[in-house]
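Listed below, chain by chain, are the residues.
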Amino acid sequence: MPVFTVTGDVDPFLHVSLRRGETIYCESDAMVMMEATLDLKGKMKGGLGSALMRTFANGESFFQQHIEATRGDGDCLLSPTLPGAMQIVDVGKNNYIISDGAFVAASSGVDLKVRTQSVGNALFAGSGGFFVTETSGSGQLAVSGFGSMNVLDVESGKDIIIDNSHVVCWDSTLKYEISITTGQSSGFLGNLVNSQTSGEGVVLRFSGRGKVYVCSRNRAAFKSWAQKAGS
């Protein structure tokens, strides 16, 4: 099985060692360097339907990069789109649900499936979600977060609430609810519109027992700040 290693303290690389015949796949433009024994191809992981779902639901690339050790063992370096930490998780015994934009790479034995949940429940009953990406199969998965990353342990009877923009991925055994904060004076519908256009006010409430990976920075907030600073 390919070996994933995070190398470097600030804006690290993902170093992957492959033996002949092994394959990984990664987000488009993630490849930084690879040895000449490896081949790089653009493919639709999971077929046309899955590729379309990833693109329209999560904004990910239609084609993903597949790196295969065709002529012998070889190494490659990958990097995420945004600066920040990376975390390697083992898929198999545990599966994970991944936030939009957090996927970096996975070994070929890991499958990513985008599935829908009840929009009505998410908006009006405070539960469920919209589109989520869930892992299956077995192998290693690399995810990234904007800024630094931390792992939170959720314990039974001790629910935690996390701003949606700071969630990277979580254990699929955890129960979770999506809620829209209503502390602002614009009312529920105003907050709903604001949440859908800016990401502000959306939180996830986790319960059960498992792990949640969080990042220190908010992509949407940083983008908004950069646009204002540049104007």
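Everything here concerns the structure above.
Let me begin by describing the structure that accompanies this report.

The rules behind the values
- Residues numbered from 1 in each chain as written.
- Predicted model: local features only at pLDDT ≥ 70, side-chain atom pairs only at ≥ 80, totals over all residues.
- Heavy atoms only, no water.
- Buried < 20%, exposed > 50% of the residue type's maximum accessible area, 1.4 Å probe, protein only.
- Helix = DSSP H or I, 4+ residues; strand = E, 2+ residues; numbered from the N terminus.
- Pairing = 2+ DSSP bridges.
- Axes fitted to C-alpha atoms, helices over the stretch in contact; angles between N-to-C directions.
- Salt bridge = Lys/Arg side-chain N within 4 Å of Asp/Glu carboxyl O.
- Disulfide = S-S within 2.5 Å.
- Phe/Tyr/Trp six-rings, centres within 6.5 Å; stacked < 30°, edge-to-face > 60°.

Our next topic: the pairing of strand β13 (residues 139-144). Note on strand geometry: in a regular strand, side chains alternate between the two faces of the sheet. For β13, the tally of buried residues reaches six of six residues, placing the bulk of the element in the interior. Summarising the sheet, strand β8 (residues 86-91) and β13 pair through six bridges and their orientation is antiparallel. Each residue of the ladder has a partner; that of Q87, found in β13, is V143.

A separate point is unusual backbone geometry. Among all residues except glycine, the phi angle is most often negative; among peptide bonds, the trans geometry is most common. Residues other than glycine seldom take positive phi values, yet D29 does so here, at roughly 75 degrees. Looking at where D29 falls in the secondary structure, it is placed in the loop between β3 (23-26) and β4 (31-34). Take D29: its relative accessible area is 65%, and that puts it in the exposed class.

Let us now look at the sheet that holds strand β18 (residues 202-207). Taken in spatial order, the three strands of this open sheet run β15-β18-β17, and their pairing is antiparallel. In the strand order of this sheet, the two ends are held by β15 (160-163) and β17 (175-180), each with one partner. The average angle at which neighbouring strand axes cross in this sheet is 25 degrees, direction not considered.

Here the focus is the pattern of salt bridges. Inspection of the entire model under this criterion finds four salt bridges. With its nearest N and O atoms 2.7 Å apart, the salt bridge here joins R71 to D39. Of the two residues, R71 is situated in the loop between β6 (64-69) and β7 (74-78) and D39 in strand β5 (residues 38-43); the sequence distance between them amounts to 32 residues. A salt bridge links E155 to K158; the nearest nitrogen and oxygen atoms lie 3.9 Å apart.

What follows deals with the sheet that holds strand β2 (residues 13-18). Across the sheet, which stays open at both edges, the four strands sit in the order β1-β2-β7-β4 with antiparallel pairing between neighbours. Of all strands in the sheet, those with a lone pairing partner are β1 (3-7) and β4, marking the two edges. Going from strand to strand, the sheet's axes swing by 20 degrees on average, the running direction of each strand aside. In the sheet, β4 pairs with β7 via three bridges, with the strands oriented antiparallel. Across the sheet, M34 pairs through a bridge with C76, a residue of β7.

The next subject is the state of the cysteines. Taken as a whole and assessed by the stated rule, the structure comprises zero disulfides. C76 supplies the cysteine sulfur nearest to C26, a cysteine that is in no disulfide, at a spacing of 7.1 Å.

On to the packing of aromatic side chains, then. Under the counting rule described, the total for this entry stands at five aromatic pairs. Look at Y96 and Y213: their rings are 6.3 Å apart centre to centre, the planes differ by 70 degrees, and that puts the pair in the edge-to-face class. With Y96 in strand β9 (residues 96-98) and Y213 in strand β19 (residues 210-215), this pair connects stretches of sequence that are 117 residues apart. Neither residue differs from the other here; Y96 and Y213 are each classed as buried. Put simply, the rings of W170, Y176 and F206 pair up and form one aromatic cluster.

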